[in-house]
Structure formats: structure tokens, C-alpha cells
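For reference, the chains in residue letters:
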Amino acid sequence: MVQDRASLPPTPGRDSTPGGGHAPAAASPQAAATAPSDATAAAASALPGTTGVTAPDGARTLPEAGAAPGTDTALAQDIAPAAATTKPESPPEPECEPGPEPESQDGPESESKLESVPVSEVGQGARGGGASDGDEARGAGGADETATATGDGVPAKGGPQAGAGAPGREPRRVLTARVAAAVAGGLALFAAFPPLDWWWLAPLGIALIVASLHGTRPRRAAWLGYVGAAAFLFPGVAWVRTIGDDVWLMLVGAESLFYAAMAAAAALVFRLPGWPMWFGGLWVAMEWLRGLVPFGGFPWARVAFSQGESLFTTYAALGGVPLVSFAVVLCGALLAHPFLSRGGHVPWRRAAPVALALAVPVLSLAVPRPGDEGRTVNIGIVQGNVPGRGMNVLGDEPAVVLRNHANETKRLAQAVREGRLPKPDLVVLPENSTDIDPYRDQFAREIIHDSVRDVGVPTLVGAVVAIGDEHRATRSLVWDPVTGAGDYYDKQHLVPFGEFTPLKEIVLALWERAGLVGRQSVPGDEPGDLKMGPVTIGAVNCYEVAYDGTVRETVRAGGTPLVVQTNNASYALSNLPPQQLAMSRLRAVEHNRAVVTAATTGISAFVTPDGKVSWQTRELVADMNVVKVPVRTEKTLATRVGAFPEWAMMVMGAAAAGVAVWRGRRREDRMRND
């Protein structure tokens, strides 16, 4: 059987060469003294495979043919006399031919030819491209710098990995394993979210996604990231199917692009020591950008929102929702680290990242939390239900939603008079609890005022009100039992294609359903601090609970407790209502505020400041209750410092990506110069 000479130990008087052959034995001192001086360059250039690649057995690095003067000339001088006086051995036939010379890294075909080192399992291919932490003597890819002709840990032609398969091409089983890991990771992330709520699967899902990306070039990492994101988001935002399968497909397709961009950058930072930290920063940056663009962003399905009640939840009080996402991603990346990086066979190097991964959630127990302040307020919560389903939630009968909530408010008042419920200090109705504008319709005003007068306390009504002749506002309106309509808060973050239509002329021409939006909503510009009875509540409207800044500014304005009015009627019995409740739980911990949620069809709930759900309704039923809610005014560190931790993590990730690009270009320049 023919053996690969690169794997054989060196024999006395011979140096291993990357091409699989051996250099001739060194000549005697007498021969060396008589060798012509120009034989040095001729011998060095005649050596096969002289590409500047370090031999596997630790032999000295050979210079590239045509290298600048001073490039390991001592070795060439040792070899030159023998080349001038002795006929070299013919190199043996290799096991397989090395194949064509790879194209330039910037060429259109370079990716398919030089994707990564051939391996037998997903993740092991990364060992040529994954950095051993702290190994500064190696290149950015973790392999010897002289062995990374492609800048991605891919050996140069004729290097140690030549002959392991098609040059620079992963076996199909490895690529299949990468795709399977990306899909499995996305599905694990989905299972971490409500309604399944298996929060511990989130770091495992991240670990699988990391395994699928590690050791690949940015282009391949991008489409693997896209596949993993699609596997996560298709079931994760399946509630959008109520609007239409085409909308669902377009939303997932667009949102997955953010994950693809993040994955491409991750392929670069995986080449740096300490890459789990940098990967976490990139993930936070991706979620921030998703919540910003396009059309005001879509911050749903952030990893942190899978941690409504878990060991990671407490980090929200320290650095907000972004820190929770970072902690989960860091934990998952650390779990994957020992299986992907070089030196994983050393016990302590395998155990240390796993120990750190386990420490990440445990350390959250040390996060300081404010205590109870001994003050409470009784809040009535009304869920009136609606007759329709899907896109026809209001039914065919006018004012039916208004009457349902007015009647349920009267039922609460009756229960208080009978002593079955404590007297409330204020009552909260859901978003859109009236389907008729009370400012413009006398009938609606009378129904609302009658029910509020019956319960006898200030009541927060949800209404869509006209602004001029062409616009509207989604409003949280304080209704006094004596004076009627008073202070209000207008929703700031509007739902694109639900409350306003971006690119209106184009969209209306393409989709008839877009006309259902009707009047275009206009956003408010002030936080939702509203004085009601003995407290100043913090009004947050439905979709806004996913936005960090909106909730934070409401708390900073003095809102306590937080009140979330929501209308989930179109998405009843989907995964949206439990996902939204999980967001409320995280906000409670983040800001040390109780959260009261009133929903038209459910889930209405009361969440304590430590994120526990104390009471909640079923969906698609009329219900009401009065709950005793703690009133807290002390701010958490997350509330005080605001977005600073998020920006610090994003800058960290972006800087790491920049360093990886710079190191890669510097290495390429050095190789060209050599």
C-alpha cells in the first residue's frame, strides 16, 4: 500500500517537503565548498511544492519559489550543493492527484473550490479554521499562517491535507451535516419559545448553529445562517399566517437575511481567540438592527424573549433584554467550543469552556434585585372577547366589541358590590375595547361613560380615534367616572401593514388586502405615563412591549405599574399571545415593575416584578378580575444605564469582525510578498 509521505517521519539527512517527497541528502563539506554560488537559487527553485508551507513533522519552513533575498537562504544553501552534485530521487506517485491550482480568493469560483478542510464530521472541519484560544503564534484561522493560503485555514496546494479528498472541497456528508445542524439549531430555538417554553433548548440551539457555521467561509456561512433562521422563524412567527401565507413567507424571507449577514461576519470572528464573546456581540447587533429596519423594524423572536422565566432572566435587571440574548448566545457558543477548536483532545481545554458555559446562567443569581416597598394598588382587568376570528374579528354587528367590554365592566362592578371581588382603584380595558370612536360618536360615549360610572373608578379605555380626515391614532384613553374622557397616550411604534402602509401606492396596487388598513395611523411622541387614581401607570400598547426604548422611557417617566393593552383577536390560539406574555415577564424583571396585561381575547394577565405570572385568563372567553399589584419605584441598573450595555456588546462584536478582516488581509499581503 502506498503511504502519503507527508505522514512519514523524516529520515536522517532528509527534510520533508509539503509536496509529499523528500529533499536530497545534504552534501559533504568538501562538495559544498566546491559548489558554484548560483546553485543555491537553482536548487531552491527546483524543489517541488516549495510554497512556504510548514511541514507536519516540524521541519523548517521552505521559501516560496522566487522569494525575496533573505528568505531562509541557509536552508537553500544546505540543499544547493547536493542538487549540483547528486541526482535527486524521483518523487513517488501520490495517492491522488492534487487537482487544479485554486483560483484567486476573490474569484467567482473560489468559494466552491476552497470552502474548508475536508473532515468526517460537522465542526471537525473547523479545526483547520478555528483558533486555539491564546495561540497567537498561529494565523487568524488557527492554523499556521504559512499553511493558510486561502486565509481560512485551508492548506495550500500540496500541503498536509492534500490527498484527503477533492482539494479544498468538503465531502458531501460534511456539508449535509452542516445543513442538518443549522436546521436542528433553528428548530431548537423555536422550541425554547412559548408555547412550548423549553427555555433550556435555546443555548443548545445556538450551539448547533455555531457548529454549522464554524470553519466555513463567509459566503457559505451566510446561506447556512439563512437556512437556520428560516427553520427557526417559519414556526416561530407562524401566527402571521392569519394575514396570509404569502405575508408569512415574505416576512420570514426578509428577516432571515439579518441572520445570514450575522453568520457571514461570524465566520470571520471564529478565527480569533475568544470567539464565543465576539459571536455574542454580533448576535446582539443583529437583533438590534432587526428591531430598527425596515419600516420601524420587527423585534419579535429575539432570543431573550424565550427566557421569560429561566436562569438567564435575571440578567435583564443588569443589562436589559440585550444582555439576556448575549448570555444565552455566549452559553451556547461555549458549549460548542471544545468540539470545534484545536486542542480539544486535551482534557482541561475541553472542560474549561463547558464549565464557563454552565457558569453563565448560574452567575445570574448574583445579580442584585430591588426589594418590595410595601405599597400596593388594586387594579381591575377586563377581557370582553370579540365575536369574529382571523381578519374579521369585529364581526358584522356594529359596536359589538364596545358592548362586550362595557358589559364585562358592569359585571366586575356587580361582583365588587356583592363582595366577591375587592374594590379596584382603577380598571384597565384592552386595546380596541371600543370599535367606535368615542370622540365622534355620541352613542359610544354614552355606553363607555355608563359602564365607567357603574364601576366608579378611573378606567383606561382602548380606542382607535380619528385624526383629521385621513389619519387615526391608537389611543390609551383615561376615562373618569365624573368628567369623562381625559388624558391619553398615543401608540408610538406602529405595526407596518397593520396600522400604516409603507410604500402605499405600490403595496395597494399589488395586494388588495392592504386596503383593510384604512386610515393611516400616526405615531405618538410622548411616553405613556398617565395619572390614574393613586398611581401613575406606564401605558404600553400591544406591539410596543417588544421595543426596549419605548418601555424604558415609560418607566423613566414615572410609570408604575406597567399596563399593556393589547388586541390579539386576529391571532387567538396561535403562538403570539403566549410569546407576548413572555415579553411582559422579561420587562417586569428588567425594570422592577409589575406588569398588568388586558387583552380583547386573551391572554390577560398580572405579572409580578420578579417575572412570575400571578393570574391569567384563558383565550376566547370573557373574563374579569381585581388583582393586588405591588407598586415599586426603585429603578434597576438596566433602567438607569439604558442602551449602554447593548452598544458596548455591539461595538465589541463589530470590532472583532474588523480585526478578523484586517488580520486576514495582512496575512494575504505577507504571503504575496513572500
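Structure: above.
Every value quoted in this text rests on a predicted model; they were computed, and no experiment measured them. In this numbering scheme, every chain counts its residues from 1 along its sequence in written order. Under the rules for a predicted model, residues below a pLDDT of 70 receive no local features and side-chain atom pairs below 80 are neither given nor counted, while totals for whole chains, interfaces and linings still include all residues. Note that water and hydrogens are dropped before the side-chain values are worked out from all heavy atoms of the structure.

Engineer: Teacher, can you tell me more about the nonpolar core here?
Structural biologist: General note: in soluble globular proteins, nonpolar side chains tend to be found buried as a group. Among buried residues, those of type Ala, Val, Leu, Ile, Met, Phe, Trp, Tyr and Cys that are joined through side-chain atoms within 4.5 Å constitute a nonpolar core. Categorising residues by exposure relies on relative accessible area from a 1.4 Å probe, with only protein chains included: less than 20% of the type maximum marks a residue as buried, more than 50% marks it as exposed, and the intermediate range marks it as partly exposed. Of all hydrophobic cores here, the largest spans 93 residues; its most connected members are V210, F279 and W283. Residues in contact with F279, not counting those within four places in the same chain, are I206, V210, M262, A266, V269, F270, V329 and A333. Counting 22 residues, the second largest nonpolar core, distinct from the first, contains V478, A539, F606 and W615. Residue contacts are counted whenever heavy atoms from the two residues lie within 4.5 Å of one another.

Engineer: Just checking my understanding: could you explain the packing of aromatic side chains for this structure?
Structural biologist: Each aromatic ring pair is summarised here by two numbers: the centre-to-centre distance and the angle between the ring planes. In summary, the pairing rule links any two rings of Phe, Tyr or Trp, Trp by its six-membered ring, whose centres are within 6.5 Å, and it sorts them by plane angle into stacked for under 30 degrees, edge-to-face for over 60 and tilted for everything else. Scanning all chains against the criterion turns up 16 aromatic pairs. Judged by centre distance (6.3 Å) and plane angle (75°), the ring pair of W199 and F312 falls under edge-to-face. Of this pair, W199 sits in the loop between α5 (172-192) and α6 (201-213) while F312 sits in the loop between α9 (275-290) and α10 (316-340), and the two are 113 residues apart along the sequence. Over a ring means this: the NZ of a Lys or the CZ of an Arg is within 6 Å of the ring centre and within 35 degrees of the ring normal. When the ring centre of W248 is taken as origin, the NZ or CZ atom of R241, which lies over that ring, is 4.9 Å away. Sitting over the ring of Y488, R475 keeps its end group 3.6 Å from the ring centre. By the criteria applied, helices consist of DSSP H or I runs no shorter than four residues and strands consist of E runs no shorter than two, each listed in order from the N terminus.

Engineer: So what exactly am I meant to see when it comes to the environment of L318 here?
Structural biologist: Along the chain, the position of L318 falls in helix α10. Put simply, L318 and L637 are 319 residues apart on the chain and 5.4 Å apart in space, counted from C-alpha to C-alpha. Setting aside residues no more than four positions away along its own chain, L318 makes contact with L323, V367, L637 and A638.

Engineer: Hey, could you run me through helix α12 (residues 400-417) in this one?
Structural biologist: Look at α12: 26 Å from first C-alpha to last across 18 residues, which is about the 26 Å you get at 1.5 Å a residue. Within α12, the full set of buried residues consists of V400, V401, L402, H405, A406, E408, T409, L412, A413, A415 and V416. Structurally, α12 contributes buried residues whose contacts are with β1 (376-383), α13 (442-455) and β13 (623-630). The positive-phi residue at the C-terminal boundary of α12 is G419, with phi of around 80°. To estimate the expected span of a helix, count its residues, drop one, and scale the result by 1.5 Å.

Engineer: Could you clarify how one ought to interpret the environment of G528 in this entry?
Structural biologist: Mapping G528 onto the fold places it in the loop between β6 (520-521) and β7 (529-532). For G528, a relative accessible area of 0% corresponds to the buried category. Separated by 22 residues in the primary sequence, G528 and T550 place their C-alpha atoms 8.9 Å from one another. Setting aside residues no more than four positions away along its own chain, G528 makes contact with Y489, I537, G538, A539 and T554.

Limitation: the analysis is restricted to geometry and does not speak to function.
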